[in-house]
Structure formats: structure tokens, C-alpha cells
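Given next are the chains, with one letter for each unit.
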Amino acid sequence: GESVGLHLPTLSVQEGDNSIINCAYSNSASDYFIWYKQESGKGPQFIIDIRSNMDKRQGQRVTVLLNKTVKHLSLQIAATQPGDSAVYFCAEAPSGYNKLIFGAGTRLAVHP
Amino acid sequence: DSGVTQTPKHLITATGQRVTLRCSPRSGDLSVYWYQQSLDQGLQFLIQYYNGEERAKGNILERFSAQQFPDLHSELNLSSLELGDSALYFCASSVGFGPTNEKLFFGSGTQLSVL
């Protein structure tokens, strides 16, 4: 599955820098949020999730922040590596709806 | 490797034709989801099956249909194909009802080109 044709905003960072990818979600009733990474030729891959009763959750080199007041989600990647180059999607699961709604995605380009 | 298998990887067909996309979920997963990824629409949820039964429906056209078989594999049937149906079609699976409380695991997709 090739995703390079998607017309997406691009974040360019230097290898070793920290990356912050932002996402505005639409439904104030959403209570579960997920970040997915899609590398060229592959399907989306789960990175990290967070529930609405939390503001922050940390994984290995990644942190997700949730601001419910402004319906904003961010993904922070520490010490970005070339292997982090991909398209990143946030997704929300509105309470009461058995659906996962994906955002438009952001392309992360890591330069040596 | 997510454990979700999709076939074929690529499909080229003509307008008006009908195709079938196949998905085998991860071992033990009962839910199968179908998503469409196009250049201008991003990832759009089409439909979900849980243990053979339709569980949730998204923006799936009437020309499209899906089913989940007793062995839990799923097929997405696309008929009367139009140029605009050209897209990547992903299948995902999860253990339970999902997706509001569990991870979805995605396959590598089927690239459909309608000429």
C-alpha cells in the first residue's frame, strides 16, 4: 500500500531532534484516541493510545498529550530517527459509536 | 508483520467490473474492519464484522458489500466499479468488539486501480 501520493502537510526534522505532530479532533464525545504510523507500502501501525480521563501517556520515545478543552492531540517523538519517517494519523473513537475516525495525517520527513 | 493478510496486493480492472478483496484476520481476532484510503479522503471506515455478524457501518456505498465467513476471513465485494473507486483498501482486525477500547491491526492493503 503506497501512501506517498497523499496530499498531506509535512513536518521536516533533523535526525536526533524531537518531533511534535499535532491533531485536532472533531467530536467532544470521543473518549479514546490512538496514533498510527503508516510507512510507505504498509498498513497503519499502532503507536500509542490514550483515554479521555488522561492528559498524558508515555511510551518508548513517544508521548501523547491530550487537551480536551481545545480538542487537541499531539504526538511527541524524542530523538527522531530516519526510521520514524512515515505518515502519522491520529484517530478518535466517539463514545457510543463503534467507529474509529481517522484524521487526515501528517507526513514526517527525517533528514540526516 | 501485523498478522493480517490481504489478497491480492494489486488489482487492475475496468469500469463496470466487479472485484473481490480478501482478508484473513490475526489468529484469535473476531472483528474485521474494512477501510478505504484515497488521495483526497484519507482513511475512511467502510464496515465492521464481528464473529460473522455486521457490527458497524460507515460510508460504504450500496455497490459495495462485505461478509465474514465462519472461519472469520472476510471478503469485500466491489461492483459496478467507477474510476473514483481506485484506492487502497485496508483490512484490520481486533480481538473483540473494538475499536473504542482496543488496538486495530492492519494488513498491507489491496491497491485497486480502475481504468
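Residues numbered from 1 in each chain as written. Chains lettered and ligands numbered in written order. Predicted model: local features only at pLDDT ≥ 70, side-chain atom pairs only at ≥ 80, totals over all residues. Heavy atoms only, no water.

Visitor: Report on the environment of A:A86, specifying residues and quantitative values.
Guide: Residues and elements named next belong to chain A. Tracing the chain through its elements places A86 in strand β8 (residues 86-94). Sequence separation between A86 and Q76 is 10 residues, and the spatial gap between their C-alpha atoms is 14 Å. Once residues lying within four places of it in the same chain are set aside, the contact partners of A86 are K37, Q38, E39, T106, R107 and L108. (Helix = DSSP H or I, 4+ residues; strand = E, 2+ residues; numbered from the N terminus. Contact = heavy atoms within 4.5 Å.)

Visitor: Which residues make up the sheet that holds strand β5 (residues 56-58) of chain A, and what values do they have?
Guide: All names here are of chain A. With respect to topology, 4 strands assemble into an open sheet ordered β2-β7-β6-β5, the strand pairing being antiparallel. Sheet topology places β2 (19-24) and β5 at the edges, where each strand pairs with a single neighbour. Between one strand axis and the next, the sheet turns through 15 degrees on average, direction left out of account. With 6 bridges connecting them, strand β6 (residues 62-67) and strand β7 (residues 72-77) associate as antiparallel partners. By the bridge assignment for β7, T63 is matched with Q76. (Pairing = 2+ DSSP bridges. Axes fitted to C-alpha atoms, helices over the stretch in contact; angles between N-to-C directions.)

Visitor: So what's going on with the pattern of salt bridges? Residues and values would help.
Guide: Summed over all chains, the structure comprises 7 salt bridges over all chains. Its salt-bridge partner being A:D49, residue A:R57 comes within 2.2 Å of it at the nearest N-O pair. Accessibility expressed as a relative area gives 34% for A:R57, which makes it partly exposed. Residues B:D29 and B:R26 are paired through a salt bridge, measuring 2.8 Å at the closest nitrogen-oxygen approach. Salt bridges here are not isolated pairs; linked through shared partners, they connect B:R63, B:E82 and B:D85. (Salt bridge = Lys/Arg side-chain N within 4 Å of Asp/Glu carboxyl O. Buried < 20%, exposed > 50% of the residue type's maximum accessible area, 1.4 Å probe, protein only.)

Visitor: How would you sum up the side chain of A:Q38? Please name residues and give values.
Guide: Tracing the backbone through its elements, the reader meets A:Q38 in strand β3 (residues 30-38). Classification of A:Q38 as buried rests on a relative accessible area of 1%. A distance of 3.0 Å separates the side chain of A:Q38 from the side chain of B:Q37, its partner in a polar contact. (Polar contact = N/O pair within 3.5 Å; in protein donor to acceptor, adjacent residues only side chain to side chain.)

Visitor: Provide a residue-level description of the layout of surface pockets, including the pertinent values.
Guide: Quantified by volume, the largest pocket comes out at close to 310 Å³. Every residue lining the largest pocket is counted, 14 residues in all, and those nearest its centre are A:G43, A:Q45, B:D1, B:S2 and B:F106. The set of elements that each furnish at least two residues to the lining of the largest pocket consists of β4 (45-51) of chain A together with β10 (105-106) of chain B. For the lining of the largest pocket, the per-class residue count stands at 6 nonpolar, 5 polar and 3 charged. (1 Å grid on protein atoms, 1.4 Å probe; cavity = no way out; pocket = protein on both sides within 12 Å on 5 of 7 lines; lining within 4 Å. Points joined across faces, edges and corners; volume = space filled by probe spheres on them. Nonpolar A, V, L, I, M, F, W, Y, C, P; charged D, E, K, R; others polar.)

Visitor: If you had to explain the side chain of A:K37 to someone new, which residues and values would you point to?
Guide: Residues and elements named next belong to chain A. Along the chain, the position of K37 falls in strand β3. For K37, which is buried and forms no salt bridge, the nearest opposite charge comes from E39, at a distance of 4.2 Å. For K37, the side chain forms a polar contact with the main-chain oxygen of G83, separated by 2.9 Å. In this view, K37 contacts G43, P44, Q45, I47, G83, D84, A86, V87 and Y88; residues no more than four positions away in its chain are not counted. (Lys, Arg positive; Asp, Glu negative; His and termini not counted.)

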